[in-house]
Every structure is written in C-alpha cells, then in structure tokens.
Protein chains: 2
Amino acid sequence: MKLLLGSLTPDQYLLVYNAFSFGIATFAAATVFFWLGRSQVASQYKTAITITGLVTFIALYHYFRIFESFDAAVTMTNGAIQASGSEFNRAYRYVDWLLTVPLLLIELILVMRLSKSETVSKSTTLGIAAALMIALGYPGEVSAGIGSGRLVWGILAMLPFLYIVYTLYVGLGKAISSQPESVRGLVALARNVTVLSWFFYPVVYFAPFVIDVKGANTFVVIELGYTLADLISKAAFGVLIYMIAVRKSEASV
Amino acid sequence: MKLLLGSLTPDQYLLVYNAFSFGIATFAAATVFFWLGRSQVASQYKTAITITGLVTFIALYHYFRIFESFDAAVTMTNGAIQASGSEFNRAYRYVDWLLTVPLLLIELILVMRLSKSETVSKSTTLGIAAALMIALGYPGEVSAGIGSGRLVWGILAMLPFLYIVYTLYVGLGKAISSQPESVRGLVALARNVTVLSWFFYPVVYFAPFVIDVKGANTFVVIELGYTLADLISKAAFGVLIYMIAVRKSEASV
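Residues numbered from 1 in each chain as written. Chains lettered and ligands numbered in written order. Predicted model: local features only at pLDDT ≥ 70, side-chain atom pairs only at ≥ 80, totals over all residues. Heavy atoms only, no water.

Bringing the packing of helix H2 (residues 46-73) of chain B against helix H7 (residues 216-252) of chain B into the picture now. All names here are of chain B. Where H2 contacts H7, the two axes come as close as 10 Å, and the packing angle between them is 160 degrees. As the angle between them shows, H2 and H7 are arranged roughly antiparallel. Handedness of the H2/H7 crossing: left-handed. Of H7, the residues touching H2 (which contributes Ile49, Thr52, Val55, Thr56, Ala59, Tyr63 and Phe70) are Phe219, Tyr226, Thr227, Asp230, Lys234, Ala235, Gly238, Ile241, Tyr242 and Ala245. For the contact of H2 with H7, the per-class residue count stands at eleven nonpolar, four polar and two charged. (Axes fitted to C-alpha atoms, helices over the stretch in contact; angles between N-to-C directions. Helix = DSSP H or I, 4+ residues; strand = E, 2+ residues; numbered from the N terminus. Parallel < 35°, antiparallel > 145°, perpendicular 65-115°, else oblique. Left-handed = near helix turned anticlockwise from the far one by under 90°. Contact = heavy atoms within 4.5 Å. Nonpolar A, V, L, I, M, F, W, Y, C, P; charged D, E, K, R; others polar.)

So, on to the relation of the copies chain A and chain B. With an axial shift of 0.2 Å and an RMSD of 0.1 Å, the rotation relating chain A to chain B amounts to 71 degrees. Such a turn and shift between the copies fits a five-fold axis. (Least-squares fit on C-alpha atoms with pLDDT ≥ 70 in both.)

Quick look at the pattern of salt bridges now. All names here are of chain A. Here the structure, examined in full by the defined rule, presents eleven salt bridges over all chains. Linking Arg150 and Glu141 is a salt bridge whose minimum nitrogen-to-oxygen distance equals 3.1 Å. Using a relative accessible area of 1% as the deciding quantity, one classes Arg150 as buried. Relative accessible area serves as the criterion here: at 3%, Glu141 is assigned to the buried category. Ionic pairing is found between Lys234 and Asp230, a salt bridge with its closest N-O pair at 3.1 Å. Of the two residues, Lys234 and Asp230 both sit in helix H7 (residues 216-252), four residues apart, roughly one turn of that helix. Given a relative accessible area of 1%, Asp230 falls into the buried group. (Salt bridge = Lys/Arg side-chain N within 4 Å of Asp/Glu carboxyl O. Buried < 20%, exposed > 50% of the residue type's maximum accessible area, 1.4 Å probe, protein only.)

The next thing to look at is the nonpolar core. Phe70 and Ile164 of chain A together with Phe70 and Ile164 of chain B are the most contacted members of the largest nonpolar core, which has 164 residues in total. Here the element with the most residues in this core is helix H2 (residues 43-73) of chain A; it accounts for 15 residues. Ignoring any residue separated from it by four or fewer positions in sequence, one finds Phe70 of chain B in contact with Leu8, Tyr13, Val16, Tyr17, Phe20, Phe88 and Phe219 of chain B. (Core = buried A, V, L, I, M, F, W, Y, C linked by side-chain atoms within 4.5 Å.)

It is worth spelling out unusual backbone geometry at this point. The phi dihedral of Arg113 of chain A is positive, around 55 degrees, even though this residue is not glycine. Note that Arg113 of chain A resides in the loop between helix H3 (91-112) and helix H4 (116-142).

Right, let's get into the environment of Phe161 of chain B. Residue and element names in this part refer to chain B. Looking at the element boundaries, Phe161 is found in helix H5 (residues 148-176). Exposure remark for Phe161: the relative accessible area of 4% places this residue in the buried category. Sequence spacing of Phe161 and Lys116 is 45 residues, and the spatial spacing of their C-alpha atoms is 25 Å. When sequence neighbours within four positions are dropped, the list of residues in contact with Phe161 reads Met133, Trp198, Phe199 and Pro202.

What follows covers the side chain of Arg150 of chain A. All names here are of chain A. Here Arg150 lies in helix H5 (residues 148-176). Here the side chain of Arg150 touches Glu141 through a polar contact of 3.1 Å, side chain to side chain. Here Arg150 is in contact with Gly140, Glu141, Ser143, Gly145, Val204, Tyr205, Pro208, Phe209, Ile222 and Tyr226, once residues within four sequence places are set aside. (Polar contact = N/O pair within 3.5 Å; in protein donor to acceptor, adjacent residues only side chain to side chain.)

Moving on: a nonpolar patch on the surface. A contiguous nonpolar surface patch, about 880 Å² in accessible area, is contributed by Ile146, Leu151, Val152, Trp153, Ile155, Leu156, Leu159, Phe209, Val210 and Ile211 of chain A. For Leu159 of chain A, a relative accessible area of 56% corresponds to the exposed category. (Patch = residues over 30% accessible without salt bridge, like charges linked within 9 Å, V, L, I, M, F, W, Y side chains within 5 Å. Areas by Shrake-Rupley, 256 points an atom, 1.4 Å probe, with all protein chains shown as cover.)

Attention shifts here to the pairing of strand E1 (residues 74-77) of chain B. All names here are of chain B. With burial as the criterion, only one face of E1 is covered, namely that bearing Val74 and Met76; the residues Thr75 and Thr77 on the opposite face remain uncovered. Of the strand pairs in this sheet, E1 and strand E2 (residues 80-83) are connected by four bridges, and their pairing is antiparallel. Bridging from a neighbouring strand, Val74 pairs with Ala83 of E2. Counting the residues between successive antiparallel strands, the hairpin from E1 to E2 contains two residues, one of them, Asn78, with a positive phi of roughly 50 degrees. (Pairing = 2+ DSSP bridges.)

What follows is about the interface of chain A and chain B. The interface is formed by 24 residues belonging to chain A together with 24 residues belonging to chain B. Taken over both partners, the interface formed by chain A and chain B buries close to 1,900 Å², and the fraction arising from carbon and sulfur atoms is 63%. The largest contributions to the chain A side of the interface with chain B come from Arg38, Tyr61 and Glu87 of chain A, which together make up 22% of the buried area. At the junction of chain A and chain B, the tally comes to one salt bridge. For Glu250 of chain B, the salt bridge is made with Lys116 of chain A, and the minimal N-O distance between the two is 3.8 Å. Run the count over chain A and chain B and you get eight residue pairs in polar contact (both at pLDDT 80 or more). Those elements that place two or more of their residues in the side of chain A that touches chain B are H2 and H3 of chain A. In terms of residues, the side of chain A that touches chain B owes the most to one element, H2 of chain A, which gives eleven residues. Residue composition of the side of chain A that touches chain B, grouped by class: eleven nonpolar, eight polar and five charged. (Buried area = accessible area lost by both parts, 1.4 Å probe.)

Turning our eyes to something else, we now look at H2 of chain A. The end-to-end C-alpha distance of H2 of chain A, which contains 31 residues, comes to 46 Å, matching closely the 45 Å that a straight helix rising 1.5 Å per residue would cover. With 23 of 31 residues buried, H2 of chain A lies mostly within the body of the structure. (Expected span 1.5 Å × (residues − 1).)

For H7 of chain A, spanning 37 residues, the distance from its first C-alpha to its last is 53 Å, which sits close to the expected 54 Å at 1.5 Å a residue. Of all the bends in H7 of chain A, the largest measures some 30 degrees and sits at Phe237 of chain A. (Bend = angle between axes of the 7 residues up to and from the residue.)

In this section: the packing of aromatic side chains. The description of an aromatic ring pair uses the distance of the two centres, along with the angle that the planes make with each other. Under the definition given, this model contains 43 aromatic pairs over all chains. Measuring from centroid to centroid gives 6.3 Å for Phe20 of chain B and Phe88 of chain B, while their planes differ by 10 degrees, and the two rings are stacked. Placement of the pair is Phe20 of chain B in helix H1 (residues 10-37) and Phe88 of chain B in the loop between E2 and helix H3 (91-112), with a sequence separation of 68 residues. Just as Phe20 of chain B is buried, Phe88 of chain B falls in that class too. On the basis of an interplanar angle of 40 degrees and a centroid distance of 6.2 Å, the ring pair of Phe206 of chain B and Phe209 of chain B is categorised as tilted. Placement of the pair is Phe206 of chain B and Phe209 of chain B together in helix H6 (residues 181-210), with a separation of three residues, close to one helical turn. Its relative accessible area of 18% is what places Phe206 of chain B among the buried residues. Taken together through their ring pairs, the aromatic side chains of Tyr92 of chain A together with Tyr13, Tyr17, Phe20, Phe67, Phe70, Phe88 and Phe219 of chain B make up a single cluster. Sitting above the plane of the Phe67 of chain B ring, Arg65 of chain A keeps its charged end 4.1 Å from the centroid. A cation sits over an aromatic face here: Arg191 of chain A above Tyr169 of chain A, 3.9 Å from the ring centre. (Phe/Tyr/Trp six-rings, centres within 6.5 Å; stacked < 30°, edge-to-face > 60°. Lys NZ or Arg CZ within 6 Å of the ring centre and 35° of its normal.)

In structure tokens form, the structure reads like this:
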C-alpha cells in the first residue's frame, strides 16, 4: 500500500510519533527488568529469562530504527506536516518478528521444562512455522494498495499461524497439568495471553479490508495496532514468563 | 570490481539495507546471550564462551559500520535510488574476519579441551593460516572487475583455506572420540557447521564467475551471501559452542 505520509494530520503524526517513543521506553525498561531479574530465578530458568530479555532488546533496537525512519520520512514544521521523500522502512517490523517470534516460542517452551527431546522438536517445528508465517506476510504488507496481493499473502501466512496457535493451545494445554500447582494458573494465563495477543496481528493486518480507512488513516491504524500487539506479546508476556520462573524456582527449593 | 550502487533497484536497496540491519540485531542479541550465559558453564569453559561473545561483538561493530557506510553511499528519495559519491568501504568485512576467524577457531579448540600443548600448537598454526587466507583474499575482492585479479588472489587464498578446513575436519574428527558421549553428536555437528559455513565464503567470492550477474546484481549477491555466511559461522555456530559447553559442564559435575 502507498503510505501517503504527507496527508497525516498533526494529531495523527504526534500519536504515531509518541507511540513509537513509548515502545522504545517500554522495551528498554523491560529488557533491564528481565536481565537484572535473571539473578533471582533458579539456574534451570536463567536461559528462559535471558531470552525473554533478548526479545525485548531486539524490539528496542527495531523501535529505535522505526522511530528514526519515521522521523526522517515526515516532518512537522510550524504545525504543518510534510513528507520529506525519505523512505519509511516497513521491513523493520518483519525483520524484528523473524528474530523475536521464534525466541518468544522458545522462552515459553523453556519455562515449561518439557523433556529434552520435546523441547528440541517443539522449538524446531514451531520456529520453522514462525519464520514461514513472517516470510509469507511480508510481501502482502508491502504490496501496492489494499488489494488482492495483501489478501492472498495474508491468507497464506495464516496457515503456519494457525498451526502455531493450535500447537501451543493444545500442546501446552496438556503440559499444564504436569506443572507445579502454584504456577498452573499462570502458565494457563501465559498460554491465553500468547494466543490472544497473537490474534491481534492478523486482526491489524486484515483491518483495512473491514473498516473503511483511507490513505494515511490506514497507516495510523496499522502502526498503532502492531505497536500495541508488540507491547503485549513481548513485554507483558515476558513479565508472565518471569513470574512463572520465579514461582517455579521457589517451588523447587 | 566497480560497485555501480546507483543502479540498484529500490527492492535491491531495501533488501541489502535490511540484511545489514538484521545482522546488527542478530549479533547484538547473540553477544548478550553468550555473555549472560557465561555464568552457566563450568569455569574451564568460560574463556571459550567469552570468546564466542567477542566474535559476535566484533561482528556487531562491523555490521554497524557497514550499515552506516551503505547508508551514506546510497540514498533512496521518493522511491529513486542515487549513489551519493561517498565510498562504500568493503574493507570492513576483511578487518572483521582478520579478528574473528582466528577467534572462531580458538573458541572451537578451547571447548574441545585438548591437551595444553595441542591447544597452543593448533591455535598458532590455524590462526596464522587464517590471517594469511584473509590477507590474500582482500586484494582480489577490491580488484577491478570480475577478472584475473579476483581469480588469482582468490585461488591463492584457497590454499590456507583448504589447509584450515582439512585440519579441522581430520584433526577434530580424531578428537571427537575423546569427548564425553553426551556431546559427541554436538561436537560433530559443530565441526560440520564450521566446514559447511566456511565453504559458503569461497562460493560467494567465486559466484560472479559462474552465474551471470551484472553490475549492481553482483553487489547484492556478494553482500547477502557474506551476511548469511557470517550469521551461520558466528552466531549459529556460537550457539552450538555454547550448548557443548553447557552439556560438558553438566557432565563434569
């Protein structure tokens, strides 16, 4: 789709601008929280918490790049918005997801402490499905207009997406009963947060087909939607993973 | 060869741009992962993991420089690509390899825990061969056109290259049988990943002689190829080294 950044209103411009800055602040804070908190979990959960922090760290890098790219692409001078001609790089989100989505799945699998073979096989199949999902979504995201390109690639990306969500929901559902009683509720919550926050992404992706947004409005809906989804699925989800690791550490003493 | 950066298409430009950014994010994340994970391996493997993180840290620095150099050399304004006249510095990769390739060999040797004399002699001969290989490859990389300069220097660089690969494959092959049973498979995998990812570099180097790529296409093939090879031989290989160190630490308790 064409971005039409020059037709953003000043309010829309500031909204997107501040949402990106909010992303930077939240992911920076979350990263420090997880890496400092790493010392408070038992040794067998440290890798899960390291990776939880890596996810928000990688997101921090990309939100910084997204912010800079947006700042270079649009300027507001004396209250007037103007597109500078510099490209707003929409690939940053996809590069981010290519790295963070497999890591998110791995942090959830690691904190469950499944058997070694199950950990490896689940990490591998889910990781590959995640990479496929993102690679299929990208051509749709950057295709021209809200048309058949976006629709077809989006539907293709939904196949690995549904496979992942199904595997997590059913597979982890079974594993919940083997968790210590003190964390069963939290693990079930983490599973539900994963599934719900994940469904946010296709909702945002397909939103322009359903609600009647035009030009720069589409840009605002998509960027705010993805930012919110990233905050829930990476930072808030990470806090749940951390809480699970802390409670399981206490239970194992 | 002449780079002809001004004749990149917008898609090619964005592909290379995002590949470099992907390199920055991956090497930053890998570095933190290794340095945090260092506390989880036994004392005798800590140096190997420190060095594993050094390799990705040095790569992070160089990918940041490469990204900045590319960003200064080519601009995209209103969808049009233009070479700014600023030089894209191709030496960064070679300076990076001059530092990281000997370190990569040393991290592999250290995690094997060979005898002290073998560790020193193997590190020295392989380190010198690696430096020679890179010093011989560089004049070929920056020589004009896809011609005899690139070919002759490339063939000369292949001599130390083949010596290293042969030594690793045969020498480490023998050492595998002396490893604890729980890591034999991983060490064999690390050896194969090393050899396969290493062969990627000459394949990329000589690719322009085999496939018919012209002008800016050559640039795209070479930069994406080297980036992929770096990601595998430094970050993915480092994860294998880390896993070997963790398992050997568990076995030694």
